[in-house]
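Now for the letters of each chain:
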Amino acid sequence: MDSWGTILLGYGITFGAIGVYAYSILSRSRTIGHELGIGVPESSARPHLAGPGDLDEPDSDRSPRR
Amino acid sequence: MSGASDRGDSRHLMTSSVATRVLGWVGLASMAVMALLGLVISPRDRIQGEAVRLLYIHVPTIWVAYGSFILTAVASALYLWRGSSREDRGRHYDRLAGAAGEVAVLFLALTLVTGMLWGRITWGVFWQWDARLTTTALMFVSYLGYLAIRNMPAEIEARSRRAAIAALLAAVNIPIVHFSVEWWRTLHQKASIRSDRNSEITGDMFATLMFSLLAFTLVAAWLMIHRYRLVRLEEIREEEGLALAVSARRAEGVNA
Amino acid sequence: MIAELLGDAARVARKDLLIEWRTRVTINQVIPLGLLVEVVFAFAFDANRSLLEQGAPGLFWVGVLFAGTLVVQRSFTVEGPEGITDALRLSGFRPGSLFLGKAAAVFVELVVLEAALLTGVVVLFDVAVSDPLLLVSTTVIGTAGFALTGAIYGALSLGVRVRETLLPLLLIPVVAPILLGGSRALEAAFGISTQPGWNWVGILTVITGVYAAIGLVAFGPLMEES
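Everything numeric in this text was worked out from a predicted model, so none of it was measured.

Visitor: Would you mind going over the overall build of chain C with me for this structure?
Guide: Each helix and strand in chain C was counted, giving eight helices and zero strands. For 226 residues, the compact-globule formula gives about 17 Å, and the C-alpha radius of gyration of chain C, at 18 Å, lands near that figure. Here the C-alpha coordinates of chain C stretch approximately 55 × 30 × 30 Å along the principal axes. Within the span of chain C, comprising 226 residues, buried residues form 49% of the whole. Restricting to contacts in chain C with at least 6 residues of sequence separation, those with at least 24 account for 84%.

As structure tokens, then:
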């Protein structure tokens, strides 16, 4: 069944492309959100403004920078 | 996408909300169901065999792409018409046009890819110089040009206006390309492909196709909403970046 | 009002052609390039006479397309990065006049280019013209359509840093119908195919009219920015 390989390739490309696109949108939004302190939980946004208790937040690897 | 939550104070802008989260998960689940329906549950076609499974992606993606292109054209027209009179409404239309245009290009690319794979199985070749294929390919390229205009470095308002004009030009061009290519092909050979493409469709197949359309529409809506928000974020960053640069200059002036 | 529109357009065209006459960029660089394209096609097809004769109409239009894109590029480069908007403000010309004037100058330059290219095609690819009237109508109307479309997209990519690459990307998909119609009509004019060529001239006329109308409407908004 040669055609099955082609069909699966088509499905793979479709889901893969949508997934990659969705991921790129989300990660870009996240990056800018972090920069601006918008749209992210208050604890991980603007780490320099957040209280000291937020340092053990999983996302807080950015906080020491500021 | 009512836009109501996106307007106003930028601080209220979120990259996710409850509604879009639900939409995202429902979209993801429906894609999984769509794959299951398309690959496993739906029967093979009597004439096309298994290749029909590719059409469950091919046909809904082109419908979603066409819908999004219409959205782009309408939003661009509204931007040109209303954009200058009401500041924020105008930006809203511009962002909508951009988000829809980008999603449309993605879906059109998927249409072309799955169409080519389907053609490889059915006709034995990836490409036929069929009127519809040729038109779609040219349309794809012209919207790539539209996205190129959107992404070029320039002042926001000037870029938006050009992009809107380019979107309308691309839309006007679709029928011109379509009719000239159609006429070209019918003069040279009979349009034999169209008839066997719409071969008999059974109840199960129709249900799969309709569900797939629903799934892709949900995913496209989710992508568009998030792309819209990303455009908004980028604009805010540009504005804030400018404000920061200005205040930095001011500070320099004070220190000097 | 129409007389004024056309009069101003003629002034703009005259200015562009004068610049071209003084710099001779089209004559000295673009026309040789167009001919070079035809020669390179001969290499690509291994100088296969029958193949080249069959493809001559298409190869002619591909040459026009490439060289024409450069002419359009050049036509807007001479205005400087933001020059045309300033020129508009200072001169008081209507956007429509600028559009028609720009397109007219491009048209004249392209007609000269095409005369050279046609000679090249006839000589190099060994084709015979069987219907001169059809040949002239096709090239004139097709070129007018190309020039009008080129003027719109030239203005659209004006002042953009990436214009050199942006303009062909925008322009070529749009003028594809002209290439298509022009090639089919020339096939008839060269006696290569027996298909009716005049129908394609009709299509080219419609396309040209549509883009003339679009340009007259769109040039205003394109110019008033910044």
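From this point, the narrative continues.
Visitor: Before we go on, may I ask you to explain the interface of chain B and chain A in this structure?
Guide: Size of an interface: often given as the accessible area lost when the parts come together. Contacts between the two partners involve 32 residues from chain B, matched on the other side by 25 residues from chain A. Of all the elements in the fold, those that place two or more residues in the side of chain B that touches chain A are helix 1 (18-41), helix 2 (52-82), helix 3 (87-122) and helix 7 (203-255) of chain B. Across the side of chain B that touches chain A, the residue classes tally to 18 nonpolar, five polar and nine charged.

Visitor: Teacher, can you tell me more about the nonpolar core here?
Guide: Across soluble globular proteins, nonpolar side chains have a tendency to be buried as a group. Residue and element names in this part refer to chain B. Formed by 143 residues in total, the largest nonpolar core has its most connected members in A166 and A167. With 17 residues, the single largest contributor to this core is helix 3. Apart from residues lying up to four places away in sequence, A167 is in contact with T72, A73, S76, A97, G101 and Y146.

Visitor: Explanation requested: the interface of chain C and chain B in the structure shown.
Guide: On the chain B side, the residues contacting the 25 residues of chain C number 25 residues. Of all elements in the fold, only helix 6 (132-156), helix 7 (163-189) and helix 8 (198-223) of chain C reach the threshold of two or more residues within the side of chain C that touches chain B. Here the element with the most residues in the side of chain C that touches chain B is helix 7 of chain C; it accounts for 10 residues. The residue makeup of the side of chain C that touches chain B, split by class, is 19 nonpolar, three polar and three charged.

Visitor: Please clarify how the confidence of the model for chain A should be interpreted in this entry.
Guide: Low-pLDDT portions of the prediction should not be read for the details of their coordinates. Of the residues in chain A, 53% have a pLDDT of 70 or more, and the chain-wide mean is 68. Between residues 42-66 of chain A, whose pLDDT stays under 50, and residues either more than four places distant or in other chains, the model counts 20 contacts.

Visitor: Mind showing me how you'd approach the packing of helix 3 (residues 49-77) of chain C against helix 5 (residues 95-125) of chain C here?
Guide: Helix packing for two helices is described by the angle between their axes and how far apart those axes are. Residues and elements named next belong to chain C. Remark: helix 3 packs on helix 5, axes separated minimally by 9 Å, with the N-to-C direction vectors making an angle of 150 degrees. Overall, the two elements helix 3 and helix 5 adopt an arrangement that is roughly antiparallel. In this structure, helix 3 crosses over helix 5, and the sense of that crossing is right-handed. In this structure, helix 3 uses L52, E53, A56, L59, F60, G63, V64, A67, G68, V71, V72 and S75 to contact helix 5, whose residues at the interface are K102, A105, V106, E109, L110, L113, E114, L117, L118, V121 and F125.

Visitor: Would you mind going over helix 7 of chain C with me for this structure?
Guide: Side chains of residues three or four places apart in an α-helix project in the same direction, reflecting 3.6 residues per turn. All names here are of chain C. Along helix 7, the sharpest change in direction is near 45 degrees and occurs at V175; proline P177 comes one to four residues later. Where burial is concerned, most of helix 7 is hidden: 20 out of the 27 residues are buried. Within two residues after helix 7, G191 carries a phi angle of roughly 70 degrees, on the positive side.

Visitor: Can you walk me through the confidence of the model for chain C in this structure?
Guide: All names here are of chain C. This prediction gives chain C a mean pLDDT of 86; 94% of its residues lie at or above 70. Mean pLDDT across the elements of chain C bottoms out in helix 4 (residues 83-91) (64) and peaks in helix 6 (92). Predicted complex metrics record ipTM = 0.81 and pTM = 0.81.

Visitor: What is the right way to look at the packing of helix 7 of chain C against helix 8 of chain C in this model?
Guide: All names here are of chain C. Where helix 7 contacts helix 8, the two axes come as close as 9 Å, and the packing angle between them is 155 degrees. Taken as axis vectors, helix 7 and helix 8 run roughly antiparallel relative to one another. Note on packing geometry: the crossing formed by helix 7 with helix 8 is left-handed. On the side of helix 7, the interface is formed by P177, I178, G181, G182, R184 and A185, while helix 8 contributes W200, V201, I203, L204 and I207. Of the residues belonging to the contact of helix 7 with helix 8, the class tally is eight nonpolar, two polar and one charged.

About the thresholds
- Residues numbered from 1 in each chain as written.
- Chains lettered and ligands numbered in written order.
- Predicted model: local features only at pLDDT ≥ 70, side-chain atom pairs only at ≥ 80, totals over all residues.
- Helix = DSSP H or I, 4+ residues; strand = E, 2+ residues; numbered from the N terminus.
- Rg over C-alpha atoms; globule rule 2.2 N^0.38 Å.
- Buried ≥ 20, exposed ≤ 12 C-beta atoms within 10 Å, placed from the backbone.
- Contact = placed C-beta atoms within 7 Å.
- Nonpolar A, V, L, I, M, F, W, Y, C, P; charged D, E, K, R; others polar.
- Core = buried A, V, L, I, M, F, W, Y, C linked by C-beta atoms within 7 Å.
- pLDDT = per-residue confidence, 0-100.
- Axes fitted to C-alpha atoms, helices over the stretch in contact; angles between N-to-C directions.
- Parallel < 35°, antiparallel > 145°, perpendicular 65-115°, else oblique.
- Left-handed = near helix turned anticlockwise from the far one by under 90°.
- Bend = angle between axes of the 7 residues up to and from the residue.

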